[in-house]
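Listed below, chain by chain, are the residues.
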Amino acid sequence: METYETAITPVLTVSNAAEAVAFYHQAIGAEEIHRNTYPDGRIIVEMAVKGARFRVADEAPESSNLSPKTLGGTTVRLNLLVGDPDALAARAVANGAAQIAPVADQSYGLRQGRFADPYGHHWLIGCPLPGAGDWAIEHPD
């Protein structure tokens, strides 16, 4: 049996995955890693932002895979740590994301802001503040 590193890969369910893939590429620089196309035309695409992977999938109501727009909200926020959160948040907004909170220094040790993508998913874009430690990246055992 092969040994795998433990990982979590969020799957973002949307109403138009092909359009969403293009948005994530333009807005946050996500690169397409792999694409599965099903006989009915729906797709699931694995993407990555500098190695941070996520998937984008068309809705599949028969499997209870519904988008935030269909549900009327989302319960998950995606926390993306990058070198320049100000620039990435501005890029996302310039490409159609809605700013919820501007990037600013936060009391919990991150420079962070929040935006909603056009598909209803919320993104926290940030980086650790100098001297705050890497609490969001590494956790002691």
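Residues numbered from 1 in each chain as written. Predicted model: local features only at pLDDT ≥ 70, side-chain atom pairs only at ≥ 80, totals over all residues. Heavy atoms only, no water.

**Quick word on the pattern of salt bridges**
Applicable threshold: The salt bridge criterion pairs a side-chain nitrogen of Lys or Arg with a carboxyl oxygen of Asp or Glu, the two atoms within 4 Å. In this description a helix means any DSSP run of H or I spanning at least four residues, a strand means any run of E spanning at least two, and both kinds are numbered starting from the N terminus.
All told, the structure shown has seven salt bridges when counted by the stated rule. We note a salt bridge from Glu-62 to Arg-42, for which the minimum N-O separation is 2.7 Å. On the criterion of sequence distance, the pair formed by Glu-62 in the loop between strand E4 (52–58) and helix H2 (68–71) and Arg-42 in the loop between strand E2 (31–37) and strand E3 (43–49) is long-range, its members being 20 residues apart. Residue Glu-46 is joined to Arg-53 by a salt bridge in which the shortest nitrogen-to-oxygen separation is 3.2 Å.

**As for the sheet that holds strand E5 (residues 77–81)**
Put simply, the rule is: Between any two strands, at least two bridges found by DSSP are needed for them to pair. Lines fitted to C-alpha atoms define the axes here, with helix axes fitted over just the stretch in contact, and angles between the N-to-C directions of these axes take values from 0 to 180 degrees.
Strand order in the open sheet formed by four strands is E5-E8-E7-E6, with mixed pairing between adjacent strands. Edge positions in the open sheet fall to E5 and strand E6 (98–105), since each of these has one partner strand only. Strand-to-strand twist in this sheet, taken as the mean axis angle between neighbours without regard to direction, amounts to 15 degrees.

**Focus on the side chain of His-121**
Definition in use: Relative accessible area decides the class of each residue, using a 1.4 Å probe on protein chains only: under 20% of the type maximum gives buried, over 50% gives exposed, and in between gives partly exposed. Nitrogen and oxygen atoms within 3.5 Å of one another constitute a polar contact, given that in protein one can donate a hydrogen and the other can accept it, and given that sequence-neighbouring residues count only through two side-chain atoms. Throughout, a contact is declared for two residues whenever any of their heavy atoms are within 4.5 Å.
With respect to the helices, strands and loops of the structure, His-121 is situated in the loop between strand E7 (110–116) and strand E8 (122–128). With a relative accessible area of 8%, His-121 lands in the buried category. Side-chain polar atoms of His-121 contact the backbone oxygen of Thr-13, separated by 3.0 Å. Not counting the four nearest positions on each side in its chain, His-121 is found in contact with Leu-12, Thr-13, Val-14, Tyr-24, Pro-68, Leu-78, Phe-115 and Ala-116.

**Observations concerning unusual backbone geometry**
Of all residues except glycine, most have a negative phi; of all peptide bonds, most are trans. Within the chain, Lys-50 stands out as a residue other than glycine whose phi angle is a positive 50 degrees. Relative to the elements of secondary structure, Lys-50 occurs in the loop between E3 and E4. The class for Lys-50 is exposed, based on a relative accessible area of 87%. Backbone geometry at Ser-64 places phi at a positive 60 degrees, although glycine is not the residue there. Examined against the element boundaries, Ser-64 turns out to sit in the loop between E4 and H2.

**A word on the nonpolar core**
The line we're drawing: By nonpolar core we mean a set of buried residues, namely Ala, Val, Leu, Ile, Met, Phe, Trp, Tyr and Cys, connected to one another through side-chain atoms within 4.5 Å.
Within the largest apolar cluster, 26 residues are counted, with the highest numbers of intra-cluster contacts made by Tyr-24, Ile-28, Met-47, Phe-54, Val-56 and Trp-123. Here this core takes seven residues from helix H1 (residues 17–28), the largest share from any one element. When neighbours within four sequence positions are excluded, Val-56 is seen to be in contact with Leu-12, Val-14, Ala-17, Ala-20, Val-21, Tyr-24, Ile-43, Ile-44, Val-45 and Met-47.

**Let's talk about the packing of H1 against helix H3 (residues 85–94)**
Our working rule: Should an angle fall under 35 degrees it is called roughly parallel, over 145 degrees roughly antiparallel, and 65 to 115 degrees roughly perpendicular, with every other angle called oblique.
Packing of H1 against H3 brings their axes to within 7 Å, and their N-to-C directions diverge by 140 degrees. What the angle tells us is that H1 and H3 run oblique. Residues Phe-23, His-25, Gln-26, Ala-27 and Ile-28 of H1 pack against Leu-88, Arg-91 and Ala-92 of H3.

Function cannot be inferred from these measures alone, as they are strictly geometric.
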